[in-house]
Amino acid sequence: MLIEIDNGSGFCFGVTTAIQKAEEELAKGNKLYCLGDIVHNGMECERLRQMGLITINHDEMRELHDVKVLLRAHGEPPATYELARRNHIEIIDATCPVVLQLQKKIKKQFEAGNGQIVIFGKKGHAEVLGLVGQTQSTAIVIESFEEVKRLDFSRDVYLYSQTTKSLDEFHQIIEYIQQHISPEATFRSFDTICRNVANRMPNISAFASKHDLILFVCGRKSSNGKVLFNECLRVNPNSRLIEGPDEIDPSWLKGIQTVGICGATSTPKWLMEQCRDALMV
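These figures come from a predicted structure and were not determined experimentally.

Here's the deal with the nonpolar core
Logical step 1: Counting 18 residues, the largest nonpolar core has Leu 159 and Ile 177 as the members making the most contacts within it.
Logical step 2: Breaking this core down by element, the ones donating at least two residues are β6 (116–120), β8 (157–161) and α7 (167–180).
Logical step 3: The biggest single contributor to this core is α7, with five residues.
Logical step 4: Excluding residues that lie within four positions of it along the chain, Leu 159 makes contacts with Val 118, Phe 120, Phe 170, Ile 173, Ile 174, Ile 177, Phe 187, Arg 188, Ser 189 and Phe 190.
Logical step 5: By size, the runner-up hydrophobic cluster in this structure holds 16 residues, among which are Ile 19, Ile 38, Leu 53 and Ala 94.

Structural data, given as structure tokens:
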């Protein structure tokens, strides 16, 4: 049986940087907290927990003083930085540069006043909470094309996207707004989708079509993982989403000659390699 790991899968730049910053700090023997899971992958989070990383939520952060807290690649709203200042918390900021630029754009638009700031993204997602926070929670979040219909097309619309959303669906939303916006209103869209993720779509599609079975290794919380897995499923119905080697069902391998292993931007290479090794036993 031929087994191939997709070279294009694995951590994106933002996640890699956040994990490196955590590892460097922990290697010094310093106590380090991380606000939320550093990456949407349970096994990688567990690896770092064993190194000493302590994951906390926002409520727990409010009780901390004079400590170091790492902000992950997803970014945070201004309120988090203000809390850190009040509690004398040293921030190790690992916000992805792509997300940081997007936060600045939205904040600038909000400060200019006028119109509806609309974010195409997953409600409650860490990145989206950070983006909405730039607008004092006034931004409108739409999760799918269907939700665009509830916008007020008589008012100006400024459309942005969570960095890991589908480019095709974003373009559908733009087209719909263009068709329905009032002639008296302004509509502007800003393509803020990360190309690191968007470019994976055609690559993973080609990879999935090459194999009899696809094992897509991904934490079930991963937003971009769902998008990429659905693309695998579209081109190859014999695609399975697994979190690790323990979830591989031997019955999937009957009559299979080639297996492709791929994953999300939050999937570590070592985990895909573990899945490969499990197939070779």
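Digging into the pattern of salt bridges
Logical step 1: Scanning the model with the defined rule gives 18 salt bridges in all.
Logical step 2: Residue Lys 210 is joined to Glu 4 by a salt bridge in which the shortest nitrogen-to-oxygen separation is 3.3 Å. Of this pair, Lys 210 sits in the loop between α9 (200–209) and β10 (213–217) while Glu 4 sits in strand β1 (residues 2–5), and the two are 206 residues apart along the sequence.
Logical step 3: Judged by relative accessible area, which is 27%, Glu 4 ranks as partly exposed.
Logical step 4: Among the charged side chains, a network of salt bridges with common partners joins Glu 23, Glu 44 and Arg 47.

Topic: the sheet that holds β1
Logical step 1: What the four strands build is an open sheet, ordered β1-β12-β10-β11; its pairing is parallel. At either margin of the open sheet sits one strand with a lone partner, and together these are β1 and β11 (239–242). Geometrically, the sheet is characterised by an average inter-axis angle of 20° between neighbouring strands, direction not taken into account.
Logical step 2: Two elements, β10 and β11, share four bridges in a ladder whose sense is parallel. Directly across from Phe 216, in β11, lies its bridge partner Leu 241.
Logical step 3: Sheet strands in contact with helix α11 (residues 269–279) are β1, β10, β11 and β12 (258–263), and its direction is about 160° off that of β12.

Quick word on the packing of aromatic side chains
Logical step 1: Inspection of every chain in the model, using the stated rule, returns five aromatic pairs.
Logical step 2: Here Phe 153 and Tyr 176 contribute two aromatic rings whose centre-to-centre distance is 6.0 Å and whose plane-to-plane angle is 55°, an arrangement assigned as tilted. With Phe 153 in the loop between β7 (140–142) and β8 and Tyr 176 in helix α7, the pair connects residues that are 23 residues apart, well separated along the chain. Each member of the pair Phe 153 and Tyr 176 is classed as buried.
Logical step 3: Within the aromatic cluster, the residues linked to one another by ring pairs are Phe 145, Phe 153 and Tyr 176.

Observations concerning the sheet that holds β6
Logical step 1: In space, the four strands of this open sheet follow the order β7-β6-β8-β9, with parallel pairing throughout. In this open sheet, the two edge strands, each paired with only one partner strand, are β7 and β9 (187–189). For this sheet, the mean inter-axis angle between neighbouring strands, taken without regard to orientation, is 20°.
Logical step 2: Across five bridges, the pairing between β6 and β8 is parallel. Residue pairing for β8: Phe 120 is matched across the bridge by Ser 161.
Logical step 3: Here helix α5 (residues 97–111) sits on the sheet and contacts β6 and β8; the angle it forms with β8, its principal contact strand, is near 165°.
Logical step 4: Contacting β6, β7, β8 and β9, α7 crosses the sheet at an angle of about 175° to β8.

Procedures and definitions
Residues numbered from 1 in each chain as written. Predicted model: local features only at pLDDT ≥ 70, side-chain atom pairs only at ≥ 80, totals over all residues. Heavy atoms only, no water. Core = buried A, V, L, I, M, F, W, Y, C linked by side-chain atoms within 4.5 Å. Buried < 20%, exposed > 50% of the residue type's maximum accessible area, 1.4 Å probe, protein only. Helix = DSSP H or I, 4+ residues; strand = E, 2+ residues; numbered from the N terminus. Contact = heavy atoms within 4.5 Å. Salt bridge = Lys/Arg side-chain N within 4 Å of Asp/Glu carboxyl O. Pairing = 2+ DSSP bridges. Axes fitted to C-alpha atoms, helices over the stretch in contact; angles between N-to-C directions. Phe/Tyr/Trp six-rings, centres within 6.5 Å; stacked < 30°, edge-to-face > 60°.

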